[in-house]
Amino acid sequence: MNLFVTALLAVEDPTQTHHWLLPETAEIIYGGLASVIVFGGLFKFAGPMVKKSMKARTEKIQKELDGAAAARSKSETDAAGIRQALGDIEAERRKILAEADAQATAILADGRARLTKEVAELEAKAAADLAAARGRSGEELRGEIARLSSAATSSAVAASLNERAQQELIESFIKSVGAAK
Amino acid sequence: MSDARIEAYSRALFEVAQAEGNLSVVEDELFRMARAVESSEQLRGILTDATIPAERRQQVVEQLLGGKASNTSVQLVSLIVGSGRGRDLPAIVDRLVQRASSEQQREVAEVRSAVALSDDQTKRLAEALSKSTGRKLNLKVVVDPSVLGGLVATVGDEVIDDTVRTRLEQIKTRI
């Protein structure tokens, strides 16, 4: 022990210092050894933990990167879907508008045709009614003439049917029936 | 009225008239009465009106036929009208006439004329119709002014029409 202290003191001797900036050789040796020991301890004991922590961090970052990539991919897919849906909606809108246009055109055409037909029918009916009214007037006139004629005939015949005429008719009937077979 | 009831009434009338010995006269008088009921709505209304007492309806019959028809005919019509069968008088009498004609193996021939026929005309007409149809006939003449003139004879389903009314109708149709 004493030897060691003596040696240490001897080492600490400022007179034996060979340069003001550089440490003593022993100090370098001890310091180096101590550093090696400290670093070695650190490497041995803290290294795995650091390595593990780094690995975990790397994995976490990778995972976050993967998640972000997946989210991005999904977002791109969604965006594509939305773009497509937008495109579909636009196409559907155009289709509905086209159909509505077609239906409106058809309804218009139908309505026009129906109106034309109805007008033609009304015209025909009016013409027929006019003709019928004309005919009816003629018929009524003819009927009235016939009625008056027949009334006049009946009156004339009835006036001429005196007793003699009645007897002649009866005799005529008896003769014609008797001669029938 | 049911057919059976009409048949029963006509049989009763027939037997009464036969029993009285004047079937021919009674059926002829009843036939004329039936035609009068058919042609006169007013008479039909009085004889069939259920609100008029039966005695009153019978009085009407007796007033109408009294002195113009035999007592048997008056009593028979009065019986039918009094029993509330006035509406069926024509049908009952027609059945009676058919029965009477069948008894004599004759067919009923109904002749309508605007004026009454003389006995001679009736006889000659019956002969002419019998000759024409080839059947024995029981001729019934109905005075019907609506025919205007001439005669129309109905024998079964056969109709011989030579009336002024029909001729006028034909002329009217042609006009």
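Preceding block: the structure.
These numbers were taken from a predicted model, which means no experiment stands behind them. (Residues numbered from 1 in each chain as written. Chains lettered and ligands numbered in written order. Predicted model: local features only at pLDDT ≥ 70, side-chain atom pairs only at ≥ 80, totals over all residues. Heavy atoms only, no water.)

Participant: Run through the sheet that holds strand β2 (residues 137-143) of chain B, naming residues and quoting values.
Facilitator: All names here are of chain B. Pairing in this open sheet of four strands is mixed, and the strands run β2-β1-β3-β4 from one edge to the other. Two strands close off the open sheet at either side, each with one partner strand: β2 and β4 (158-163). Going from strand to strand, the sheet's axes swing by 15 degrees on average, the running direction of each strand aside. In the sheet, strand β1 (residues 107-113) pairs with strand β3 (residues 150-155) via five bridges, with the strands oriented antiparallel. By the bridge assignment, R112 is partnered in β3 with V152. Helix α7 (residues 119-133) contacts β1, β2, β3 and β4 of the sheet and is inclined by roughly 125 degrees relative to β2. Sheet contacts for helix α8 (residues 164-174): β3 and β4; angle to β4, the most-contacted strand, approximately 80 degrees. (Pairing = 2+ DSSP bridges. Helix = DSSP H or I, 4+ residues; strand = E, 2+ residues; numbered from the N terminus. Axes fitted to C-alpha atoms, helices over the stretch in contact; angles between N-to-C directions. Contact = heavy atoms within 4.5 Å.)

Participant: Which residues make up the interface of chain A and chain B, and what are the values?
Facilitator: Contacts between the two partners involve 20 residues from chain A and, on the opposite side, 23 residues from chain B. In total, about 1,900 Å² of surface goes out of reach between chain A and chain B, with carbon and sulfur atoms giving 69% of it. At the surface where chain A touches chain B, the tally comes to one salt bridge. Linking E171 of chain A and R124 of chain B is a salt bridge whose minimum nitrogen-to-oxygen distance equals 2.7 Å. Here chain A and chain B share five residue pairs in polar contact (both at pLDDT 80 or more) between them. When residues of the side of chain A that touches chain B are traced back to their parent elements, those giving at least two are α2 (25-160) and α3 (163-178) of chain A. (Buried area = accessible area lost by both parts, 1.4 Å probe. Salt bridge = Lys/Arg side-chain N within 4 Å of Asp/Glu carboxyl O. Polar contact = N/O pair within 3.5 Å; in protein donor to acceptor, adjacent residues only side chain to side chain.)

Read these as layout, nothing more, since geometry by itself doesn't imply function.
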